[in-house]
Amino acid sequence: MTEIETTHLDIPRATRPNPFNYDNLQFAVRDKAIRDLERDFSKVPLKWLEWLYDTIENKPKEEVEKIIREGLWDTQIKERMSGGVIKDAMKVFSSEAEMKEYDEINKIK
């Protein structure tokens, strides 16, 4: 029987992203906390829970308390356009006349 020759490849292993420089213990605590959040808030996307944990964990305690105390988490971040009709690849029309003009140009019924 002939031997099969194999070559050793140095394939780098996948590594976990670590922008906050967590050590193994901190990752274990984070994973447990996120699992608990996922269980308690099952309709919230996992990435949001991870973002929440990382934000709270890496902000100074005084800043987190200020956000909670002053209700800064409940304010609108930016002005958003309201009203209008969305049509044709998310084009926004501010008036009925503008929408009809667009339909006539593009022969849309």
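Calculation criteria
- Residues numbered from 1 in each chain as written.
- Predicted model: local features only at pLDDT ≥ 70, side-chain atom pairs only at ≥ 80, totals over all residues.
- Heavy atoms only, no water.
- Phe/Tyr/Trp six-rings, centres within 6.5 Å; stacked < 30°, edge-to-face > 60°.
- Buried < 20%, exposed > 50% of the residue type's maximum accessible area, 1.4 Å probe, protein only.
- Patch = residues over 30% accessible without salt bridge, like charges linked within 9 Å, V, L, I, M, F, W, Y side chains within 5 Å.
- Areas by Shrake-Rupley, 256 points an atom, 1.4 Å probe, with all protein chains shown as cover.
- Salt bridge = Lys/Arg side-chain N within 4 Å of Asp/Glu carboxyl O.
- Helix = DSSP H or I, 4+ residues; strand = E, 2+ residues; numbered from the N terminus.

As for the packing of aromatic side chains
Moving on, step 1. Summed over the entire model, instances satisfying the criterion amount to two aromatic pairs.
Moving on, step 2. Geometrically, the ring pair formed by Tyr22 and Phe27 is edge-to-face, given 5.5 Å between the ring centres and 75° between the ring planes.
Moving on, step 3. On the accessibility criterion, Tyr22 (9% relative accessible area) is buried.
Moving on, step 4. Look at Phe27 and you get buried, because its relative accessible area is 10%.
Moving on, step 5. Ring pairing ties together the aromatic residues Phe20, Tyr22 and Phe27, which thus form one cluster.

Here's the deal with a nonpolar patch on the surface
Moving on, step 1. On the surface, a cluster of nonpolar side chains totalling about 310 Å² of accessible area is made up of Trp51, Leu52 and Ile56.
Moving on, step 2. Examined against the element boundaries, Ile56 turns out to sit in helix α2 (residues 46-58).
Moving on, step 3. On the basis of relative accessibility, which here comes to 43%, the residue Ile56 falls in the partly exposed class.

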